[in-house]
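Each chain, written out:
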Amino acid sequence: MGEKTNLQLGVVGALFLSVASSVSIVICNKALMSNLGFPFATTLTSWHLMVTFVTLHVALRFNFFENKPIDMKTVMLFGILNGVSIGFLNLSLGFNSIGFYQMTKLAIIPFTVLLETIFLKKQFSRNIKFSLLILLLGVGIASITDLQLNFVGTVLSLLAIVTTCVGQILTNTIQKRLNISSTQLLYQSAPYQAAILFVTGPLVDQFLTKKNVFAYKYSNVVLGFILLSCLIAVSVNFSTFLVIGKTSPVTYQVLGHLKTCLVLGFGYTLLHDPFTSRNILGILVAIVGMGLYSYFCTLETKKKQPGDHSAPQVKEKDIATPLLAGKDGYQDKENHETKKLSKDSLV
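Summarised in this report is the structure supplied together with it. (Residues numbered from 1 in each chain as written. Predicted model: local features only at pLDDT ≥ 70, side-chain atom pairs only at ≥ 80, totals over all residues. Heavy atoms only, no water.)

Some details on the overall build of the protein
Stage number 1. Counting its regular elements, the protein contains 11 helices and two strands.
Stage number 2. Burial status across the protein gives 52% buried among its 347 residues.
Stage number 3. Per element, the accessible surface of the protein, about 16300 Å² overall, is 68% carbon and sulfur. (Helix = DSSP H or I, 4+ residues; strand = E, 2+ residues; numbered from the N terminus. Buried < 20%, exposed > 50% of the residue type's maximum accessible area, 1.4 Å probe, protein only. Areas by Shrake-Rupley, 256 points an atom, 1.4 Å probe, with all protein chains shown as cover.)

Right, dumping it as C-alpha cells:
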C-alpha cells in the first residue's frame, strides 16, 4: 500500500510540474516573441535542449542519477524523430491558420489511440473514448476560430501528427521495455534532438520569418529572457518524459489541453488578451471532459484487483518485437502555445 501511495504521489507531482513549467514557459516565450520581437522558435528550442543536456550532465557528475547505456541506434533515431517532429510542427504553424494548427494538435489524441490500438494491441474503453471526445470538443470550441486549408499546410500537418504521435509513444515504450528512467532517456536523446534542431532551426526560422537569427541584435533584456526560457525548458523537458513514462501518451495529451485552457485563462487575466463567451464555454466543456477522463481512469483502475489481468483503461498485450525494427519522443513544444496567443510570432 505504501509503495502504491508513493507511486500515486509521484504521478501527481509529475503532472503538477508539467503544468506549472509549461504555463510558465508559454508566458515567458510570449513576452520574448511578442513583446521583444524574437521570433526564432525552432532555434530557441535547440538551445532549450542544449541547456537541458548540460544541466543533466552536471547532475550526472554529482551522482543525482545513474547513466544507463542504451543502444546507439535506438537513441539516435528516437532523438532525430523528436527533433524532426518539432520542425514539422513549426512549419505546419507557418503554412496554416491558427485554427487549422489547433485542429492538428487536437488530431494527435485520436491518432495516438489509433496507433496504440493497431500496433500495441491496446484497447480503450467506450467511457474513455467518450471523455476524450468531450475534451476535444471543448478545446476545439475554445481555441479554433478560423479554418483555412492549403495542400502544403495539410501535408505538413499530417507529418507533424505522425511524428509527434510516434515520438510520444516511443517515449513511453522505450522507458518500459528497456527499463530506464525518464532522466536517463532524456539525457541520452537530448544531444541528438538539439543537434538536428541546431542545424535546421535557423533555416526553418528564416524561411518562416524572413529574418536571420544570427543577424538579430540581442539586447540584455532579450538575452535574459532567453536564459530564463532555457532554464524553464529544463523542467518542461524533464516533466514531459516523466509524465509520459509514468502515465501514457494519451494522458500526456489530455494534460496538454489542460495547459491550453490555463494559458487562455492566464492570457485573459494577466495579459488582457481578448476573451469571449465562446472561449468560456469551450473551456468549461473541456474541463468536463478532463474530469470524466480522470474519473473513468480512476474507476477502471480500481476495478482491477490484484492478480486480475483484465485491463482497466487500457488492455495491453506485451509484444516481444524489438524497438525501431531491431531496436528502435518529445521535446519542448510549449513554444507553439505562444503562437496561438500571437500571430506575430511564428512558433
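Picking up where we left off.
Notes on the packing of helix α2 (residues 41-61) against helix α7 (residues 182-209)
Axes are the key here: two packed helices are described by the angle between their axes and the distance separating the axes.
Stage number 1. The geometry of α2 relative to α7 is characterised by a closest axis approach of 7 Å and an angle of 155 degrees between their N-to-C directions. One way to sum up the angle between α2 and α7 is to call them roughly antiparallel. Along this stretch, α2 crosses α7, giving a crossing that reads as left-handed. (Axes fitted to C-alpha atoms, helices over the stretch in contact; angles between N-to-C directions. Parallel < 35°, antiparallel > 145°, perpendicular 65-115°, else oblique. Left-handed = near helix turned anticlockwise from the far one by under 90°.)

Regarding helix α10 (residues 277-303)
Stage number 1. The end-to-end C-alpha separation of α10 is 39 Å, in line with the 39 Å expected for 27 residues at 1.5 Å each.
Stage number 2. Tucked into the core, α10 has its buried residues touching α5 (126-143) and α9 (249-269). (Expected span 1.5 Å × (residues − 1). Contact = heavy atoms within 4.5 Å.)

Things to note about the packing of aromatic side chains
Stage number 1. In the structure shown here, the tally under the stated rule is 11 aromatic pairs.
Stage number 2. Summarising the aromatic geometry, the rings of phenylalanine 38 and phenylalanine 40 are spaced 5.1 Å apart at their centres and angled 80 degrees between planes, so their arrangement reads as edge-to-face. Of the two residues examined, phenylalanine 38 and phenylalanine 40, each falls in the buried class.
Stage number 3. Every member of this aromatic cluster is reached through a ring pair, and the members are Phe38, Phe40, Trp47, Tyr216 and Tyr218.
Stage number 4. If you follow lysine 210 out to its NZ or CZ, it ends over the ring of phenylalanine 207, 5.2 Å from the centre. (Phe/Tyr/Trp six-rings, centres within 6.5 Å; stacked < 30°, edge-to-face > 60°. Lys NZ or Arg CZ within 6 Å of the ring centre and 35° of its normal.)

It is worth stressing that arrangement in space is one thing and function is another; only the former is reported here.
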